[in-house]
Amino acid sequence: MTPPRQPAADPRVIELLILRATTGLTPAEAAELESLGGAGDESFDLAAAAVDVATVPRQELPDEVAQRILRAAGARPAPGGPLPVTLPGVAPPGAARSRAAGGPAPVTPLAPRRRARPVIAWSVAAFGLAAAAAALLWAPRAAPRVIVERVEVPAPLATPPSAAAARADLLAADAAAQTLPWTATADPAGQGATGDVVWSAARQEGYLRFVGLAPNDPKLHQYQLWIFDKTRDERYPVDGGVFDVGADGEVVVAIAPKLRVAEVALFAVTVEPPGGVVVSTRERIVVTAAPAS
Amino acid sequence: MVPVASSALASPPVLARIAAGEPEAIRECLARYGGLVWSIARRFDPLDAEDAVQEVFLDLWKSAARFDARLASEPAFVAMVARRRLIDRRRSRGRRPTLEGGELPSVADDALDPHTCAEAAQAARALAQLRPEQRQVLVLSACHGMSHSEIAERTGLPLGTVKAHARRGLLSVRSALLGVQQEEHP
């Protein structure tokens, strides 16, 4: 099978994505990007927007323009004309950032990985319940569509639920959420480890629960979650983020997938250098969990 | 976590309320982001800003439901929507970029604004690592919509240098947003 073209690794796709983010594409170029499978990657658009936001000299929107926009939107202008005044693009001091309605609970997500490592081909990964050993090539993963580090600001009036509480909420809210038990591999860190992963495909939200997973020293290594998606090339699992396990070996952490996961084939946890990696050598796979086939 | 010391990051999202049909949210969105969109539009095409901003906000009302706080901050999403409209308008009109005042912009370190959103903070840090001419080329390309040949013509830099600066600059910012070391591509 021919692997799908990966937007981040294809120079032509990158060229087109940069063009789209800066000067725009001709219809032919847009069609070419679509045919190459790169049209969904918005990471360059976000980067250009970030440059814009960071460098644009701020001006206030003229009131007459604002009133015209409100009229076009069918909204009634505020009595007295001018809109409530805030600095352009800047929120009132002290306000707390919260999630969009319907979004997942504001628990602490898995941290994004920081470091890149060279591509290393390798093989043989445990595939959990089926106990199937599959030779998996490894290559740079696809560029996330839009990935940013999130800044968590506690809500002023409400305490965010713990990951354990959020996990329970998810199970209560989504009857279709999957609960998949972990299967330990032969790696010493996973010996005796139990627990499960709860995953809601509809909400793209999930939680890992471990009991007995070996504590890690974050200065030496961290655990990293990978999500294999049946709709993606198996060489490009979705990076699920890094996490740590404390001395008691018990932890519940929220999954922070960097890409939408259409259909889970396997969850796998590896041991990686601090901050995680872009490309895993898969030398230390600790636990896996897979849906029943 | 991104060490951004700004109250702007603590802004409650308004787009979800627009998507839910809350009328007051439209005015609140305009109050919050009107200046940002206006500023971006004025820089991108000062002769077309008024009509463009109106179209941007109409786009924003329509696409509010697409906003996902897990994928981007609200200011960054708004800026993306604005830029798409501005780029489309310019292309459809076949207009060349216009530099207000006719002077090439320079972006000094102290002109970088890291306070609006996490992405701006990361971009500001990445831009601070670029040489002044690299930063200028990136801003001319990404924020003024100038083609590489137009930038080469205006700056006197060789076309190949302009292409390299624009490409590496945007890759640097993207890598900063993705939290990875810059990837090298041929």
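Worth saying up front: this structure is predicted, and the values here are computed from it rather than measured.

## Topic: the packing of helix α1 (residues 11-22) of chain A against helix α3 (residues 43-55) of chain A
Residue and element names in this part refer to chain A.
Turning to step 1, where the next piece is worked out: Between α1 and α3, the least distance of the axes is 8 Å, while the angle of their chain directions is 40°. Taken together, the axis directions place α1 and α3 in an arrangement best described as oblique. Crossing handedness for the pair α1 and α3: right-handed. The residues of α3 that touch α1, namely those facing L17, I18, R20, A21 and T22, are F44, D45, A47 and A48.
Turning to step 2, where the next piece is worked out: When the residues that make up the contact of α1 with α3 are grouped by side-chain class, the tally is six nonpolar, one polar and two charged.

## Section: the sheet that holds strand β4 (residues 183-184) of chain A
Residue and element names in this part refer to chain A.
Turning to step 1, where the next piece is worked out: One open sheet accounts for five strands, arranged β4-β11-β10-β7-β8; its pairing is antiparallel. The strands lining the two open edges of the sheet, one partner per strand, are β4 and β8 (238-243).
Turning to step 2, where the next piece is worked out: Pairing between β4 and strand β11 (residues 285-289): two bridges, direction antiparallel. Counted as the bridge partner of T183 is T288 from β11.

## Structural notes on the nonpolar core
Turning to step 1, where the next piece is worked out: Judged by nonpolar contacts, the single largest core of 80 residues is most densely connected at A50 and V51 of chain A together with V37 and A41 of chain B.
Turning to step 2, where the next piece is worked out: Considering every element that reaches this core, the biggest residue donor is helix α2 (residues 23-44) of chain B, with 11 residues.
Turning to step 3, where the next piece is worked out: In contact with A41 of chain B, other than residues within four places in its own chain, are A49, A52, V53, V56, A82 and L86 of chain B.
Turning to step 4, where the next piece is worked out: Among the nonpolar cores identified, the runner-up in size contains 42 residues, and A254, L266, A268 and V287 of chain A belong to it.

## Regarding the confidence of the model for chain B
Residues and elements named next belong to chain B.
Turning to step 1, where the next piece is worked out: Of the residues in chain B, 78% reach a pLDDT of 70 or more, and the chain-wide mean stands at 81.
Turning to step 2, where the next piece is worked out: Across chain B, element-level confidence peaks in helix α8 (residues 159-178) with a mean pLDDT of 93 and bottoms out in helix α1 (residues 15-19) with 88.
Turning to step 3, where the next piece is worked out: Here the complex is predicted with pTM 0.52, and the ipTM for its interfaces comes to 0.88.

## Notes on helix α5 (residues 163-173) of chain A
Turning to step 1, where the next piece is worked out: Those residues of α5 of chain A not exposed but buried are A163, A166, R167 and L170 of chain A. Taken down its axis, α5 of chain A places every buried residue within 105° of arc, on the same side.

## Quick word on the pairing of strand β10 (residues 264-272) of chain A
Residues and elements named next belong to chain A.
Turning to step 1, where the next piece is worked out: Most of β10 sits out of view: eight of its nine residues are buried.
Turning to step 2, where the next piece is worked out: As defined by bridge partners, strand β7 (residues 222-229) adjoins β10 across eight bridges and the pair is classed as antiparallel. Bridging across to β10, I227 finds its partner in F267.
Turning to step 3, where the next piece is worked out: In the sheet, β10 pairs with β11 via four bridges, with the strands oriented antiparallel. Of the residues in β11, the one forming a bridge with V269 is V287.

## Focus on the sheet that holds strand β9 (residues 251-254) of chain A
Residues and elements named next belong to chain A.
Turning to step 1, where the next piece is worked out: Sheet architecture is open: four strands sit in the order β3-β5-β6-β9, paired in antiparallel fashion. Each end of this open sheet is capped by a strand with a single partner; those strands are β3 (178-181) and β9. In this sheet, adjacent strand axes meet at a mean angle of 15° when their direction is disregarded.
Turning to step 2, where the next piece is worked out: Relative to strand β6 (residues 205-211), strand β5 (residues 194-200) is paired through seven bridges, and the arrangement is antiparallel. From the neighbouring strand, W199 faces β6, where its bridge partner is G206.

Reading the values: rules and limits
Residues numbered from 1 in each chain as written. Chains lettered and ligands numbered in written order. Predicted model: local features only at pLDDT ≥ 70, side-chain atom pairs only at ≥ 80, totals over all residues. Axes fitted to C-alpha atoms, helices over the stretch in contact; angles between N-to-C directions. Helix = DSSP H or I, 4+ residues; strand = E, 2+ residues; numbered from the N terminus. Parallel < 35°, antiparallel > 145°, perpendicular 65-115°, else oblique. Left-handed = near helix turned anticlockwise from the far one by under 90°. Contact = placed C-beta atoms within 7 Å. Nonpolar A, V, L, I, M, F, W, Y, C, P; charged D, E, K, R; others polar. Pairing = 2+ DSSP bridges. Core = buried A, V, L, I, M, F, W, Y, C linked by C-beta atoms within 7 Å. Buried ≥ 20, exposed ≤ 12 C-beta atoms within 10 Å, placed from the backbone. pLDDT = per-residue confidence, 0-100. Arc of directions from axis to C-beta.

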